[in-house]
Amino acid sequence: MRVTDSPKKICAGELRVHGSADAMAEAVGEEAETPVPGKLGLTRHILLAVVVSSLLFLGLAAYGDFHQVMAGLIDFPARAWLTALGLALVNYFLRSLRWHYYLRRLGLRPTPAFSLMTFMAGLAMAVSPAKVGELVKSYLLKRAAGVPFSRSLPLLLAERGTDALALIVLAAAFGAARRSGGLGLVSVCVVALATILLSMKGERFWYRLIDVIKRLPHGERVASAVAGGYVTLREVFGGWALTVGTTVALAAWFAECYALLVVARAAGAGDIAVPQATVYYALATLAGAATMAPGGLGATEAALSAMMVASGIAPHVAVTATL
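Rules used in this analysis
- Residues numbered from 1 in each chain as written.
- Predicted model: local features only at pLDDT ≥ 70, side-chain atom pairs only at ≥ 80, totals over all residues.
- Heavy atoms only, no water.
- Axes fitted to C-alpha atoms, helices over the stretch in contact; angles between N-to-C directions.
- Helix = DSSP H or I, 4+ residues; strand = E, 2+ residues; numbered from the N terminus.
- Left-handed = near helix turned anticlockwise from the far one by under 90°.
- Contact = heavy atoms within 4.5 Å.
- Nonpolar A, V, L, I, M, F, W, Y, C, P; charged D, E, K, R; others polar.
- pLDDT = per-residue confidence, 0-100.
- Salt bridge = Lys/Arg side-chain N within 4 Å of Asp/Glu carboxyl O.
- Buried < 20%, exposed > 50% of the residue type's maximum accessible area, 1.4 Å probe, protein only.
- Patch = residues over 30% accessible without salt bridge, like charges linked within 9 Å, V, L, I, M, F, W, Y side chains within 5 Å.
- Areas by Shrake-Rupley, 256 points an atom, 1.4 Å probe, with all protein chains shown as cover.
- Phe/Tyr/Trp six-rings, centres within 6.5 Å; stacked < 30°, edge-to-face > 60°.
- Lys NZ or Arg CZ within 6 Å of the ring centre and 35° of its normal.
- Core = buried A, V, L, I, M, F, W, Y, C linked by side-chain atoms within 4.5 Å.
- Polar contact = N/O pair within 3.5 Å; in protein donor to acceptor, adjacent residues only side chain to side chain.
- 1 Å grid on protein atoms, 1.4 Å probe; cavity = no way out; pocket = protein on both sides within 12 Å on 5 of 7 lines; lining within 4 Å.
- Points joined across faces, edges and corners; volume = space filled by probe spheres on them.

Comments concerning the packing of helix 5 (residues 78-105) against helix 6 (residues 112-124)
Between helix 5 and helix 6, the shortest axis-to-axis distance is 9 Å and the interhelical angle comes to 115°. At the point where helix 5 passes helix 6, the crossing takes the right-handed sense. Residues Y92, R95, S96, W99, H100 and L103 of helix 5 form the contact with helix 6, whose participating residues are P112, S115, L116, T118, F119 and L123. Taken together, the residues of the contact of helix 5 with helix 6 break down into seven nonpolar, four polar and one charged.

Next up, the structure:
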């Protein structure tokens with residue numbers, strides 16, 4: 001795939017449906033036409049991200065002593081910067097492979113280039129509130145192979161679900177390794193883990209939900225879409241799919257946790273260890289996701305700085321590492 005290729009050409013030439021449209025329709029049931037999302041407000045989201053980021057920078061810099069933070073950012077080693085950037089790219093690459101795997105589970109036969117293009121398109125919209133901008137991936141699948149939104153949207157849920165599972169496992173495992181306060185953290189993580197698994201794999205819950213929706217006025221269409229979505233969830237969480245998706249997410253997010261270790265040490269936190277960095281980054285990322293803020297801005301950085309300062313790291317070092 002070349003950068004100069006048009007999206008329409010890529011979609012038309014690089015993605016094929018495995019099996020007939022009738023087979024897919026039979027699998028998910030009759031579905032009414034789902035409207036394609038209109039303009040996703042990219043300019044508005046970018047401006048919002050710029051404003052929030054600027055306020056966040058000023059607030060954190062003031063908390064950590066503006067002059068010391070600026071000095072730390074200016075003197076930050078280029079080698080550590082490039083290493084952290086490389087680890088972040090490892091995270092994105094591994095998660096794009098998981099997206100490719102999920103598309104194949106859906107019955108599609110995409111090229112790696114198409115999978116990477118659609119995945120990166122979703123990342124480009126990460127600044128949208130609650131990451132609704134990732135709907136662009138469903139839009140591209142609909143344009144490329146006529147995949148109904150009720151079939152592709154659960155893939156986005158599967159991504160977020162396995163990301164959450166991986167971050168919880170990382171926080172629990174390395175929290176236990178830290179020993180101090182580890183038992184309470186592990187208990188909370190296990191409860192969260194069980195809740196996510198039950199909500200995703202609990203057939204009885206989904207069947208009852210669909211039955212309730214059917215009884216509502218004009219609920220047939222909504223129930224049909226929910227049923228189709230549940231079929232997709234079963235496909236991407238059936239058999240080894242859940243294990244594969246979560247394992248890839250574990251490796252991907254650990255790369256970013258290790259990036260925090262590199263950055264924090266380069267900023268002056270020489271005593272920080274792998275378990276600390278992993279727990280801090282995993283919990284801060286979950287906190288950001290829970291707020292539904294654009295890209296987790298604000299909550300993630302506040303939580304990360306607060307945890308590092310609470311562990312004895314100087315405020316200006318914690319803020320420099322966070323930024």
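Some remarks on the confidence of the model for the chain
With 66% of its residues at a pLDDT of 70 or more, the chain shows a mean pLDDT of 76. Per-element confidence in the chain is highest for helix 5, whose mean pLDDT is 94, and lowest for helix 2 (residues 21-28), whose mean pLDDT is 38. Contacts of residues 1-14 to residues separated by more than four positions or lying in other chains number 19 contacts, the stretch itself having pLDDT below 50. Between residues 16-38, whose pLDDT stays under 50, and residues either more than four places distant or in other chains, the model counts 35 contacts.

A word on the pattern of salt bridges
Where charged atoms from two side chains of opposite charge come close, those side chains can pair. Enumeration over the complete set of coordinates arrives at three salt bridges. The shortest N-O distance in the salt bridge between K137 and E159 comes to 2.6 Å. Here E159 lies in helix 8 (residues 149-178) and K137 lies in helix 7 (residues 135-145), a separation of 22 residues in the sequence. The class for K137 is buried, based on a relative accessible area of 1%. In this structure, R160 and D163 form a salt bridge, with 2.8 Å as the shortest nitrogen-oxygen distance. Of this pair, R160 and D163 are both found in helix 8, three residues apart, which corresponds to roughly one turn of the helix. Through salt bridges that share partners, R98, R160 and D163 make up one connected network.

Here's the deal with a nonpolar patch on the surface
Residues W81, L82, L85 and L89 make up a contiguous nonpolar surface patch of about 460 Å² in total accessible area. Mapped onto the elements, W81 comes out in helix 5. W81 sits in the exposed class, given a relative accessible area of 56%.

Topic: the packing of aromatic side chains
Under the counting rule described, the total for this entry stands at three aromatic pairs. With centroids separated by 6.3 Å and ring planes inclined at 50°, the aromatic side chains of F254 and Y258 adopt a geometry described as tilted. With F254 and Y258 both in helix 12 (residues 241-267), this residue pair falls four residues apart, about one helical turn. Assessed through its relative accessible area of 36%, Y258 is described here as partly exposed. Aromatic ring contacts, followed pair by pair, group F174, F254 and Y258 into a single cluster. Against the face of W99 rests K137, its NZ or CZ located 4.4 Å from the ring centre.

A look at the nonpolar core
Counting residues in hydrophobic clusters, the biggest one holds 32 residues, and the most contacted among them are W253, I272, Y280, M308 and I313. For this core, the secondary-structure elements that each account for two or more residues are helix 5, helix 8, helix 12, helix 13 (274-290), helix 14 (299-310) and helix 15 (315-322). At 10 residues, the largest contribution of residues to this core is made by helix 12. Setting aside its immediate chain neighbours within four residues, I272 contacts L261, A264, R265, A277, Y280 and I313. M117, L140, L141 and V147 belong to the second largest nonpolar core, which has 15 residues in total.

Considering the side chain of N91
Examined against the element boundaries, N91 turns out to sit in helix 5. A polar side-chain atom of N91 sits 2.7 Å from a polar atom in the side chain of R95. Setting aside residues up to four positions removed in sequence, N91 forms contacts with A252, W253, A255 and E256.

A few points about empty space enclosed by the protein
Inspection of the entire model under this criterion finds one cavity of 30 Å³ or more. Here the largest cavity defines a volume of roughly 30 Å³. Taken together, R95, F119, L123, E134, K137, E159 and R160 make up the full set of residues lining the largest cavity. If you list the elements that add at least two residues to the lining of the largest cavity, you get helix 6 and helix 8. Its residues assigned to classes, the lining of the largest cavity comprises two nonpolar, no polar and five charged.

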